[in-house]
Amino acid sequence: MKPLIRSALVTSCAFGALSVAYPALAVTGEEVLENTCAACHAATEDGGYERIDAVRKTPEGWDMTVTRMMRNHDVHLEADERDAIVRYLSDTRGLTLQETAERRYILEREPVAFDTGPDDLMTQTCGRCHSYARVALQRRSAEDWQHLVNFHLGQFPTLEYQALARDRDWWGIAKAEIIPFLAKTYPLGDAPAAFAGDASGDYLLAGRQPGRGDYTGTLVLAAAERDYDVTMVLNFADGSRTFTGTGRILGEGEWRATLSDGTTSIRQVFAITEDGRISGRWYETDRDMIGGRITAVPADGTPEVLAATPMRVKIGQETVIRVAGPGLGDQLTLPAGVQATATQMGDGVIEVTVTATTEPGPFALKLGDQTIELVAYTQPDRISIVPDMAMARIGGGDGTIPKAPAQFEAWGWLNGPDKEPATEDDIALGVFDASWQTDNFDEAAAAMEDAKFAGKIDEHGLFMPADAGPNPERPMKTNNAGNLKVIATVDAGEAPLTAEAHLYATVQRFVDAPIR
């Protein structure tokens, strides 16, 4: 599989129509389509427009199209016009949430994701220049898939000579195999109806920010004209953060919002269903690798457990488990060898204080009608680093592109019933505090002293790369890129446990797109 290691910031111009403070709509999308787009896109007999009605895309996909029209074809749009047409195309020519489900990692800017096509040919043909997810997050007519392939060759004529293309009849394969595959796999189909409900209300949420920890909290949405006023509160073990801002629902249920806590600006990329269930990821505007996942449901919704953290209980010690979810009771049903009490804390959180004297391994208790899965342990059998491979990017210095860090965590594991480490039946214990260091990955890295120059990792597992630009202290005055191993050490038993991961500290991403 091809790992897609994503660790660069979103440029404000490329993502502006979906992320900035939303302007009041002085024009409608229909007006922009009729008065501007129709100047080049001829009307069809069924009342549509050539090319425009032959494709369906995500909001980011439509924003990229509109940006290309402005950049390459001198289409002049004011901010409110661009905003209006992106919204209108997303609402009328969008994808279903089901169609985006397997590729949302690229929209949500997951720092590490494995991005592959359905076979090697598609991965090599499309994925060597951009993610395969960009292909899979659109639907086109058979004719328009042909137009797109022709466009690629016309716009990027060196395609036939690039890596993984020069050894084959690229154009012959594209015509005979790629176009038919795309037309069959991603046919145009019908656009879903735009979200018709009102998502206003109070929500309970739970999630995790790697490097900081688990959180519970609240999300409040209040309809304001065509958009929503948003307040999100994240309650961590070491404090709370409150973000406010504006969001909108595009298409069938694509939630996009920009919020701030007064210091840090974040973006939310969520999917929201008609019944109000919300899931997705938020991330810092200028460091999209820093963020967290969220699941949120209406505060007055059907009883369910959104999260129970931590997931582990050390045998013989009292452990406080925070259980989040709507409608949870505080009546406990306990297995043998487990004692517990429950306390209502408000905002959909119940604290369950647990003491286990059982054998190491999984056990379950019931809170009202809800089951909570936990693990009893004395010490982890091993640890691993998550992710086991990541990418950071140098930046700053005299340049305008900020550094892109990488975040690591140390996870503990029990070996499971087969008593063997790193097998499918291993039992996760969650994140442990660790001490962190980096070292040269191999002899070549040692010769270049990569560990000395590429950057530093802090006590929370956050690697911050060094400055961009030539470094006169390095051989050939090269930049501060490096090939590193990341080492975590956990003191959680009789002897320290260690694990290693692989880190590339590489150069800046100079061109960034909403869908990479």
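Residues numbered from 1 in each chain as written. Predicted model: local features only at pLDDT ≥ 70, side-chain atom pairs only at ≥ 80, totals over all residues. Heavy atoms only, no water.

1. A few points about the overall build of the protein chain
Thought 1: Along the backbone of the protein chain there are 12 helices and 30 strands.
Thought 2: In terms of overall size, the protein chain behaves like a compact globule, its C-alpha atoms giving a radius of gyration of 25 Å where 516 residues would be expected to give roughly 24 Å.
Thought 3: When contacts within the protein chain are restricted to residue pairs at least 6 apart in sequence, those whose partners lie at least 24 apart make up 60%.
Thought 4: Accessible surface, the protein chain as shown: approximately 23800 Å² in total, 51% of it carbon and sulfur. (Helix = DSSP H or I, 4+ residues; strand = E, 2+ residues; numbered from the N terminus. Rg over C-alpha atoms; globule rule 2.2 N^0.38 Å. Contact = heavy atoms within 4.5 Å. Areas by Shrake-Rupley, 256 points an atom, 1.4 Å probe, with all protein chains shown as cover.)

2. Let's talk about the side chain of R93
Thought 1: Within the secondary structure layout, R93 lies in the loop between helix 4 (79–92) and helix 5 (97–100).
Thought 2: Residue classification places R93 among the buried residues on the basis of a relative accessible area of 10%.
Thought 3: One polar contact links R93 to D53, side chain to side chain, over a distance of 2.9 Å.
Thought 4: When sequence neighbours within four positions are dropped, the list of residues in contact with R93 reads L33, I52, D53, V55, R56, K57, W62, Y88 and A191. (Buried < 20%, exposed > 50% of the residue type's maximum accessible area, 1.4 Å probe, protein only. Polar contact = N/O pair within 3.5 Å; in protein donor to acceptor, adjacent residues only side chain to side chain.)

3. Looking at the packing of aromatic side chains
Thought 1: In the structure shown here, the tally under the stated rule is 7 aromatic pairs.
Thought 2: A centroid spacing of 6.2 Å and a plane angle of 40 degrees characterise the contact between F243 and W282, whose relative ring orientation is tilted. With a gap of 39 residues between them, F243 in strand 8 (residues 239–250) and W282 in strand 11 (residues 278–284) connect regions that are remote in the sequence.
Thought 3: Its relative accessible area of 0% is what places F243 among the buried residues.
Thought 4: Relative to F432, the ring of Y377 has its centre 6.1 Å away and its plane inclined at 85 degrees; by these criteria the two rings are edge-to-face. (Phe/Tyr/Trp six-rings, centres within 6.5 Å; stacked < 30°, edge-to-face > 60°.)

4. Re the environment of T478
Thought 1: By the element assignment, T478 lies in the loop between strand 28 (462–465) and strand 29 (482–490).
Thought 2: Given a relative accessible area of 26%, T478 falls into the partly exposed group.
Thought 3: Sequence separation of T478 and R241 is 237 residues, and the distance between their C-alpha atoms is 40 Å.
Thought 4: Among residues more than four places away in sequence, those in contact with T478 are M448, G469, P470 and N471.

5. Observations concerning the packing of helix 7 (residues 120–127) against helix 10 (residues 170–185)
Thought 1: Between helix 7 and helix 10, the shortest axis-to-axis distance is 11 Å and the interhelical angle comes to 110 degrees. Between helix 7 and helix 10, the interaxial angle falls into the category roughly perpendicular. Relative to helix 10, helix 7 is oriented so that their crossing is left-handed. Judged by residue contacts, L121, M122 and T125 of helix 7 engage W170, I173, E177, I178, F181 and L182 from helix 10.
Thought 2: Residue classes in the contact of helix 7 with helix 10 are distributed as 7 nonpolar, 1 polar and 1 charged. (Axes fitted to C-alpha atoms, helices over the stretch in contact; angles between N-to-C directions. Parallel < 35°, antiparallel > 145°, perpendicular 65-115°, else oblique. Left-handed = near helix turned anticlockwise from the far one by under 90°. Nonpolar A, V, L, I, M, F, W, Y, C, P; charged D, E, K, R; others polar.)

6. A closer look at the pattern of salt bridges
Thought 1: Inspection of every chain in the model, using the stated rule, returns 31 salt bridges.
Thought 2: Its salt-bridge partner being D83, residue R248 comes within 2.9 Å of it at the nearest N-O pair. With R248 in strand 8 and D83 in helix 4, this residue pair connects regions lying 165 residues apart in the sequence. Each of the two residues, R248 as well as D83, counts as buried.
Thought 3: R109 is the partner of D512 in a salt bridge, and the nearest nitrogen-oxygen pair spans 3.3 Å. On the criterion of sequence distance, the pair formed by D512 in the segment after strand 30 (497–506) and R109 in the loop between helix 6 (104–107) and strand 3 (112–114) is long-range, its members being 403 residues apart.
Thought 4: Through salt bridges with shared partners, a single network forms among E60, R104, E108, E110, E254, R256 and R293. (Salt bridge = Lys/Arg side-chain N within 4 Å of Asp/Glu carboxyl O.)

7. Notes on the sheet that holds strand 24 (residues 409–414)
Thought 1: Overall, antiparallel pairing links the 3 strands, which are arranged 21-24-25 in an open sheet. If you trace the sheet from one side to the other, it starts and ends with strand 21 (382–386) and strand 25 (427–432), each paired once. Taken over all neighbouring pairs, the strand axes of this sheet differ in orientation by 35 degrees on average, direction set aside. (Pairing = 2+ DSSP bridges.)

8. Regarding the nonpolar core
Thought 1: Counting residues in each nonpolar core, the largest one holds 29 residues, and the members touching the most others are I385, F408, W436, F463, V486 and L503.
Thought 2: Looking at this core, the elements that each hand over two or more residues are strand 20 (370–377), strand 21, strand 22 (389–393), strand 24, strand 25, strand 29 and strand 30.
Thought 3: Among the elements that make up this core, the one with the highest residue count is strand 30 (5 residues).
Thought 4: Excluding its chain neighbours within four sequence positions, the residues that come into contact with I385 are F408, E409, W436, V486, I487, A488, A499, E500 and A501. (Core = buried A, V, L, I, M, F, W, Y, C linked by side-chain atoms within 4.5 Å.)

9. What to know about the pairing of strand 12 (residues 287–298)
Thought 1: As judged from the 6 bridges shared by strand 5 (residues 201–209) and strand 12, these two strands associate in the antiparallel manner. By the bridge assignment for strand 12, L205 is matched with A296.
Thought 2: Strand direction decides the pairing type here: strand 11 and strand 12, joined by 7 bridges, are antiparallel. Paired with I278 across the two strands is A296, which belongs to strand 12.
Thought 3: Hairpin geometry of strand 11 and strand 12 is characterised by an intervening segment of 2 residues between the two adjacent antiparallel strands.

10. Describing the sheet that holds strand 22
The strands that make up a sheet are held in pairs by hydrogen bonds between backbone atoms, and each pair lies either parallel or antiparallel.
Thought 1: Sheet architecture is open: 4 strands sit in the order 22-30-29-26, paired in mixed fashion. Each of the sheet's edge strands pairs with one partner strand only, and the pair in question is strand 22 and strand 26 (435–440). With direction set aside, neighbouring strand axes in the sheet form an average angle of 30 degrees.

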